[in-house]
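# Structural description and commentary
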Amino acid sequence: MLTIIKNRVIQLVVVLFILSLFTFTLMKMAPGDPVLTILNADEMVVTEEDQAELRNKLGFDQPLYVQYGKWMFNLMQLDLGKSYMSGKPVIEELLTRIPITAELTFFAMTIMLCITVPLGVWSAKYVNKWPDQLSRILALIGASIPNFWLGLILIYLFAFKLGVLPSSGIGSYSQIILPAFTLGFTFAVVYARLLRAGILQSLSEDYIYAARARGVKEWRILWLHAFRAAVLPVLTIFGLSLGSFLGGAVVVEILFSWPGLGSLAVDAIFNRDYPVIQGYVLLTGVFVVLTNLFVDLSYYVIDPRMKRKEEAL
């Protein structure tokens, strides 16, 4: 287990370095001039002297490798710079939005689990019967319908037609139901099919037949043996698709006016606020790597055979 943690820490450093280089290069290649955006050149007269003064202040008149070196030096001191638009430290901007996005992600994952587990187990228990057919239809809908389109349908139905749920804002549980369901549903039905396939495969293993021969109750076989083995590939896919999950969160936050990290990133992109964009990308990279580390470590808890195999090596 210590080997895995050590490898993941090394992987985290490599991923952050690649992300920093990639993001910095893309920001410099992006069309538009952040200096003109900051000076609001579309609405007021901006002289060449004003532009030159601001470029010098931001360090844009220096070679790219010097700009990158200074940014990396500050990054190693956990200084992500200041936002061009608000003038506040980027780390402060991110820390303000993290709890809001974390709340949305928590409820979305709760809804995802509440759909995935019963639907996956149910469809595996009743193969080719109506629960399995329902699961298949929901999976096709979830895989084919985009997040924003599902969100628009939910807003139209529950906010405008029925008037039972608000379409935007934060502060109450009723305001989080629609965005959390929009984010969690499309992943839940797909993971339910993965869970179904894993349970069916586990039920055909020899140790399941041996358990039945010993008279172990069917519910114990299903939940304590087949389910535990089947949940491992689902966790693996979840860790690998976490980037898509966070991308979906950006769309959902914009759609439901949710002031989290996603809306902060989108505003920064439109305003060419490079320090905020770079900070958001790096934070996302750290979150994805740490989550995959948690997924890897959870294997040892769910399936003790993996720990014994490592000890035998």
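Reading guide: rules and limits
- Residues numbered from 1 in each chain as written.
- Predicted model: local features only at pLDDT ≥ 70, side-chain atom pairs only at ≥ 80, totals over all residues.
- Heavy atoms only, no water.
- UniProt positions renumbered as here; feature names shortened; annotations may be inferred.
- Helix = DSSP H or I, 4+ residues; strand = E, 2+ residues; numbered from the N terminus.
- Buried < 20%, exposed > 50% of the residue type's maximum accessible area, 1.4 Å probe, protein only.
- Contact = heavy atoms within 4.5 Å.
- Areas by Shrake-Rupley, 256 points an atom, 1.4 Å probe, with all protein chains shown as cover.
- Lys, Arg positive; Asp, Glu negative; His and termini not counted.
- Charge placed at Lys NZ, Arg CZ, Asp CG, Glu CD.
- Phe/Tyr/Trp six-rings, centres within 6.5 Å; stacked < 30°, edge-to-face > 60°.
- Polar contact = N/O pair within 3.5 Å; in protein donor to acceptor, adjacent residues only side chain to side chain.
- Core = buried A, V, L, I, M, F, W, Y, C linked by side-chain atoms within 4.5 Å.
- Axes fitted to C-alpha atoms, helices over the stretch in contact; angles between N-to-C directions.
- Parallel < 35°, antiparallel > 145°, perpendicular 65-115°, else oblique.
- Left-handed = near helix turned anticlockwise from the far one by under 90°.
- Salt bridge = Lys/Arg side-chain N within 4 Å of Asp/Glu carboxyl O.

The chain carries the name Nickel import system permease protein NikB in an unreviewed UniProt entry, which gives Fictibacillus halophilus as its organism. Check the Subcellular location (unreviewed entry) section of the UniProt entry for the chain; it says "Cell membrane". Under the heading Subunit (unreviewed entry), UniProt records this for the chain: "The complex is composed of two ATP-binding proteins (NikD and NikE), two transmembrane proteins (NikB and NikC) and a solute-binding protein (NikA)."

Turning our attention to the overall build of the chain. On a plain count of helices and strands, the chain comes out with 14 helices and zero strands. Seen in sequence order, the chain has helices and strands lined up from the N terminus as α-α-α-α-α-α-α-α-α-α-α-α-α-α. With the principal axes as the frame, the chain shows a C-alpha extent of 85 × 60 × 30 Å. Out of the 313 residues belonging to the chain, those deemed buried represent 40%. Put simply, of all contacts in the chain between residues at least 6 apart along the chain, 74% involve residues at least 24 apart. With an accessible surface of roughly 17,700 Å², the chain has 68% of that area assigned to carbon and sulfur atoms. Side-chain charges in the chain split into 25 positive and 23 negative, and the spacing between the mean points of these groups amounts to 17 Å.

This part takes up the packing of aromatic side chains. Tallying each qualifying case throughout the model produces eleven aromatic pairs. Taken together, a centroid distance of 6.3 Å and an interplanar angle of 45 degrees make the contact between Y68 and W71 tilted. On the criterion of helical spacing, the pair formed by Y68 and W71 is a turn pair, its members being three residues apart in helix α4 (residues 64-75). With relative accessibility at 13%, the residue Y68 sits in the buried group. Relative accessible area serves as the criterion here: at 10%, W71 is assigned to the buried category.

For T186, the position within the fold is in helix α8 (residues 174-203). Accessibility expressed as a relative area gives 8% for T186, which makes it buried. Of the polar contacts made by the side chain of T186, one reaches the side chain of N147; its length is 3.2 Å. Those residues in contact with T186 that sit more than four places away from it in its chain are G142, I145, N147 and L150.

Here we take up the UniProt feature "transmembrane region" (unreviewed entry) in the chain. Listed under "transmembrane region" (unreviewed entry) in the UniProt record, and renumbered for this structure, are residues 12-30, 104-125, 137-160, 172-192, 230-256 and 276-302. Spanning residues 137-160, this segment combines 92% helix with 0% strand, and its end C-alpha atoms are found 27 Å apart. In the segment residues 172-192, helix accounts for 90% and strand for 0%; the C-alpha atoms at its two ends are 29 Å apart.

This part covers the nonpolar core. Ranked by internal contacts, the top residues of the largest apolar core, which has 47 residues, are L104, M112, L183, L195, I199 and F245. Secondary structure elements with two or more residues in this core: α5 (90-125), α7 (147-161), α8, α9 (206-213), α10 (218-240), α11 (242-255) and α13 (274-302). It is α8 that provides the largest number of residues to this core, a total of 13 residues. The residues touching L195, leaving out its near neighbours within four places in the chain, are T116, V117, G120, V121, F227, A230, V231 and V234. One finds L261, Y274, V276 and I277 within the second-largest nonpolar core, a separate group that totals 24 residues.

Turning to the packing of α5 against α11, a few remarks are in order. For the pair α5 and α11, the least separation of the axes is 11 Å and the interaxial angle reads 115 degrees. As summarised for this structure, α5 and α11 are arranged roughly perpendicular, according to the angle between their axes. The crossing of α5 and α11 is right-handed. Together, T101, L104, T105, A108, M109 and M112 of α5 and F245, V252 and E253 of α11 make up the contact between the two elements.

Positive phi, close to 65 degrees, is recorded for N128, a residue that is not glycine. Locating N128 in the fold gives a position in the loop between α5 and α6 (130-144). With relative accessibility at 54%, the residue N128 sits in the exposed group.

Summarising the element assignment, V190 is placed in helix α8. Here V190 falls in the partly exposed class, since its relative accessible area comes to 32%. A C-alpha to C-alpha distance of 9.4 Å links V190 and I141, two positions 49 residues apart in sequence. Beyond its immediate chain neighbours, meaning those up to four positions away, V190 contacts A139 and A143.

Moving on, we come to the pattern of salt bridges. Evaluated as defined, the whole model comprises four salt bridges. Two residues, R193 and D132, come together in a salt bridge whose shortest N-O distance is 2.9 Å. One end of the pair, R193, is in helix α8; the other, D132, is in helix α6, and 61 residues separate them in sequence. Note that R212 is salt-bridged to E218, the shortest N-O span being 2.7 Å. With relative accessibility at 34%, the residue R212 sits in the partly exposed group. Judged by its relative accessible area of 43%, E218 falls in the partly exposed class. Three or more residues are tied together by salt bridges with common partners; here these are D132, R136, R193 and R196.

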